[in-house]
Amino acid sequence: RDMHPDVSNPPVYPVVLAGLMKVLPFNYTISSPRSFLRFKPDFLIALFNQFLFLAVIAVVFLLARRLFDPGVAWLSAGLLLGTELFWRFSVSGLSTMLLLLIFMGLAWCLVLLEEQIRVPKWGPYGVPVLAGLAGAMVGLGGLTRYSFGWLIIPVIVFLILFAGRQRTVLSLIALAAFVVVMAPWIARNYNVSGRPFGTATYTILETTVLYPENRLQRSLEPDFSR
């Protein structure tokens, strides 16, 4: 009769929401169904995601101004602010806004890393620290949405192309940081369900020849022997 472990979702976004529920005054009761307009927890989660969206816009503005000029920065921020799709995601309750913020953090790490390789300013440990931070950011994004973990491949390719003589060491550092962040949760999933990503392990088979459309989700006993 213990609580059933979650074997479908990565942990970062639920942990962030759990912390939010501890800090903000979440009220789960509905005093009067007739006057009910919105469920307060849903409203606070949507408000939090909109705050994350505004943080993403701010990071995009700062990064664009660093790489280009103020005109490009204002245009990028304005286009992002006016994109209806992002506003819809901001009130959906999904982890999209948090994942975008992590992705922008990863992009910022790679920009700083490339600058440090060309003109070292932070001493001999600046570049390795940034490489490890980039790998850790990919791991953090992978624990927010599993598919984000594929970005470790382009990150390593980036290091191979732009890290010069340090390409091997920095690639290994980034990969090690990624593994260190991801490994405990993967081990937990394997211990609980026998699969590294739980039920999400099978999503790679969705909409394929073996399981077209939504047949996999509708299967009570899918045959994975093929």
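Conventions we followed
Residues numbered from 1 in each chain as written. Predicted model: local features only at pLDDT ≥ 70, side-chain atom pairs only at ≥ 80, totals over all residues. Heavy atoms only, no water. Buried < 20%, exposed > 50% of the residue type's maximum accessible area, 1.4 Å probe, protein only. Helix = DSSP H or I, 4+ residues; strand = E, 2+ residues; numbered from the N terminus. Arc of directions from axis to C-beta. Contact = heavy atoms within 4.5 Å. Axes fitted to C-alpha atoms, helices over the stretch in contact; angles between N-to-C directions. Parallel < 35°, antiparallel > 145°, perpendicular 65-115°, else oblique. Left-handed = near helix turned anticlockwise from the far one by under 90°. Nonpolar A, V, L, I, M, F, W, Y, C, P; charged D, E, K, R; others polar. Patch = residues over 30% accessible without salt bridge, like charges linked within 9 Å, V, L, I, M, F, W, Y side chains within 5 Å. Areas by Shrake-Rupley, 256 points an atom, 1.4 Å probe, with all protein chains shown as cover. Salt bridge = Lys/Arg side-chain N within 4 Å of Asp/Glu carboxyl O. Polar contact = N/O pair within 3.5 Å; in protein donor to acceptor, adjacent residues only side chain to side chain.

Enquirer: Pulling in residues and values, what's your account of helix 7 (residues 152–162)?
Expert: Because the α-helix completes a turn every 3.6 residues, residues three or four places apart line up on one side. Buried within helix 7 we find Ile-152, Val-155, Ile-156 and Leu-159. Taken end-on, helix 7 shows its buried residues confined to a sector of 95°, consistent with a single buried face. Turning to helix 7, the residues buried within the fold contact helix 5 (96–118), helix 6 (126–142) and helix 8 (167–193).

Enquirer: Any details on the packing of helix 5 against helix 6? Residues and values, ideally.
Expert: Helix 6 packs onto helix 5 with a crossing angle of 160° between their chain directions and a minimal axis gap of 9 Å. As summarised for this structure, helix 5 and helix 6 are arranged roughly antiparallel, according to the angle between their axes. For the crossing formed where helix 5 meets helix 6, the hand is left-handed. Contacts from Leu-99, Ile-102, Gly-105, Leu-106, Cys-109, Leu-110, Leu-112, Leu-113, Gln-116 and Ile-117 in helix 5 reach Val-127, Leu-130, Ala-131, Leu-133, Ala-134, Met-137, Val-138, Leu-140 and Gly-141 in helix 6. Residues belonging to the contact of helix 5 with helix 6 are distributed by class as follows: 16 nonpolar, 3 polar and no charged.

Enquirer: Quick one: what's the story with a nonpolar patch on the surface, residue by residue and with numbers?
Expert: On the surface, Trp-150, Ile-153, Val-157, Leu-161 and Phe-162 cluster together into a nonpolar patch covering about 560 Å² of accessible area. Classification of Leu-161 by relative accessible area gives exposed; the value is 60%.

Enquirer: Summarise the pattern of salt bridges; cite the residues concerned and give the values.
Expert: Pairing between side chains becomes possible if they bear opposite charge and their charged atoms approach one another. As enumerated under the stated definition, the model contains 3 salt bridges in all. The residue Arg-88 makes a salt bridge to Glu-84 at a minimum N-O spacing of 2.9 Å. Here Arg-88 and its partner Glu-84 are both found in helix 4 (residues 84–90), 4 residues apart, which amounts to about one turn of the helix. Taken individually, Arg-88 and Glu-84 each receive the classification exposed, so the pair is uniform in this respect.

Enquirer: Provide a residue-level description of the side chain of Thr-144, including the pertinent values.
Expert: Assignment of secondary structure puts Thr-144 in the loop between helix 6 and helix 7. Residue Thr-144 is classed as buried on the basis of its relative accessible area, which comes to 4%. A distance of 2.9 Å separates the side chain of Thr-144 from the backbone oxygen of Leu-140, its partner in a polar contact.

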